[in-house]
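In case you want the letters, here they are:
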Amino acid sequence: MLGFPQTGLADLTLGHVLLICVGLTFIYLAIVKDFEPYELLPIGMGLILANLPGTGLLVQPQEVGGEFGTAGLLGILIEFGLLRYTVLPLLIFVGLGALTDFAPLIARPRLFLLGAAAQVGIIIAFLGALALGHFGIAEFGLEEAAAIAIIGGADGPTTIYVTARLAPEMMGITAVAAYSYMAMVAIIQPPIIRALTSKREREIYMEPELREVSKTEEILFPIVCLILIILLVPRSAPIVGMFMFGNLLRVSGAVERLSDTAQNAFINSITILLMLSIGASMPAELVMRPETLMVLALGLIAFACGTAGGVLMGKLMMLVSKEPFNPMIGACGVSAVPMSARVVQRMGQEANPNNFLLMNAMGPNVAGVVGSAVIAGILLSVLG
Amino acid sequence: MAEQIVKAPMRGRVIRVHVEKGSQVKERDRMCDIEALKMEMPIMAPASGTIKEVYISAGQEIGGGDPLFVIES
């Protein structure tokens, strides 16, 4: 039956307009300010597409009885990439593992402790979200609290994975929060680091280069980590498994074409699909609720507390360590790789121009990715 | 007059050199920029003085501990 062609204007609400503006802002930040462009540009576009009414792009196959013909492209990506099968964030981890250099961590395994300590931000945000739910301020149950808390891990794909599994309606918001705070690491972390350390502590010199790490160590690391971690926390296997697999592709030296593909074509393709879907998972109907602002606030608190926790553990290690230990590198336990490490490198040189903390800072930074993956696994095994 | 050798902190690449033989530098002046671990970082003068030797040029690969400059102060 022929219907009169509808424009979208009649269905355009204020919420839609607002989110379209947010999408445009993200695109602006990506292009003009170089703010996490690989994430914010496609997310911004997804936001715009999701909030222009009447497109049919967001119709998911499950909504139309599995009829793929009437489902929309973005609906298909969201349902099969994120909601039903959650493959996209996991495949990203293959690429991330292939891009990650674990040598600074292998050279100083105790830096794993900093990667663990920084996850305290997740616990604090979890309790905060539960408290808001308990006092009836927000509809946050255990699942929603976990999804919000994982933002504190400062790891985009981990956040997406956990939220898709536990609180899918919040997927876009937690992801945007995670990526936004990762982009703002250079603004958020320094004041916290300065508040918790003395000038003298910030000046502590550490040997810039770490011991040579052998090929054998680099190959054994992902394999041993994978088996140990998954035995202890089986539900972390999707993330840790894909991450370590990607790393093995990189360090084995036997599969250069696969390593190269994983680091380039593969991760870029998945990034395009994932980020577009994430943006598209934020139509006004889901986002325009007071809970959204609370999620953003709690995410920021999680991130800040994670930074603080890492720095405090850094101070503890400084006190007990025989070798000089600059506590600032604790802040890198949040897994914003390599942004956090760069922040600490810059702050280190400001305090002491001859101090090059970058390599030491990368250790906790990559450990943080593993740390947040383990926490994610624990949350999923308890709540999933 | 004391001479100081400024060495590369880690393996990387020289991006650009800001001084030459005979340049006067103050403490903390940027002498060159290096790139290591995909990050650009400045090498700053550890003391004020005169650049006596420059061992590097833009684009050069450097190893940790390699001599970069000699400063006389």
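As shown above, the structure is provided for reference.
Note that the structure is predicted; figures quoted are calculated from it, not measured. (Residues numbered from 1 in each chain as written. Chains lettered and ligands numbered in written order. Predicted model: local features only at pLDDT ≥ 70, side-chain atom pairs only at ≥ 80, totals over all residues.)

## Structural notes on the overall build of chain B
No. 1: Helix and strand counts for chain B come out as zero helices and eight strands.
No. 2: Element order for chain B, N to C, with α for helix and β for strand: β-β-β-β-β-β-β-β.
No. 3: Taken over C-alpha atoms, the radius of gyration comes to 11 Å for chain B, in line with the 11 Å a tight globule of 73 residues would show.
No. 4: By its C-alpha atoms, chain B is 35 × 20 × 15 Å across when sized along the principal axes.
No. 5: For chain B, the proportion of its 73 residues judged to be buried stands at 30%.
No. 6: Long-range pairs, those at least 24 residues apart, make up 58% of the contacts in chain B between residues at least 6 apart in sequence. (Helix = DSSP H or I, 4+ residues; strand = E, 2+ residues; numbered from the N terminus. Rg over C-alpha atoms; globule rule 2.2 N^0.38 Å. Buried ≥ 20, exposed ≤ 12 C-beta atoms within 10 Å, placed from the backbone. Contact = placed C-beta atoms within 7 Å.)

## Some thoughts on the interface of chain A and chain B
No. 1: The interface of chain A with chain B comprises eleven residues on the first partner and ten residues on the second.
No. 2: For the side of chain A that touches chain B, the elements supplying multiple residues, two or more each, are α18 (339-351) and α19 (358-383) of chain A.

## With respect to the sheet that holds strand β6 (residues 49-54) of chain B
Residue and element names in this part refer to chain B.
No. 1: As summarised here, the arrangement of the four strands in space is β1-β8-β6-β3, forming an open sheet in which the pairing is antiparallel. The sheet terminates laterally at β1 (3-7) and β3 (24-25), the two strands that pair on one side only.
No. 2: The pairing of β1 with strand β8 (residues 67-72) spans five bridges and is classified as antiparallel. When the sheet's bridge partners are listed, Lys-7 is paired in β8 with Pro-67. (Pairing = 2+ DSSP bridges.)

## Points about the sheet that holds strand β2 (residues 12-17) of chain B
All names here are of chain B.
No. 1: Strand order in this open sheet of four strands is β5-β4-β2-β7, and the pairing throughout is antiparallel. Of all the strands in the sheet, just β5 (39-44) and β7 (61-62) have a single pairing partner and so form its edges.
No. 2: Bridge count between strand β4 (residues 30-36) and β5: six bridges; the pairing is antiparallel. Paired with Cys-32 across the strands is Ile-43, a residue of β5.

## Side note on the nonpolar core
Residues and elements named next belong to chain A.
No. 1: The biggest cluster of nonpolar side chains holds 148 residues, and the ones touching the most others in it are Ala-149 and Val-344.
No. 2: Broken down by element, the residue count for this core peaks at 14 residues, all from α19.
No. 3: When neighbours within four sequence positions are excluded, Val-344 is seen to be in contact with Met-328, Ile-329, Ala-331, Cys-332, Leu-357 and Ala-361. (Core = buried A, V, L, I, M, F, W, Y, C linked by C-beta atoms within 7 Å.)

## Regarding helix α9 (residues 156-166) of chain A
No. 1: With eleven of its eleven residues buried, α9 of chain A lies for the most part within the structure.
No. 2: Buried residues of α9 of chain A: Gly-156, Pro-157, Thr-158, Thr-159, Ile-160, Tyr-161, Val-162, Thr-163, Ala-164, Arg-165 and Leu-166 of chain A, and no others.

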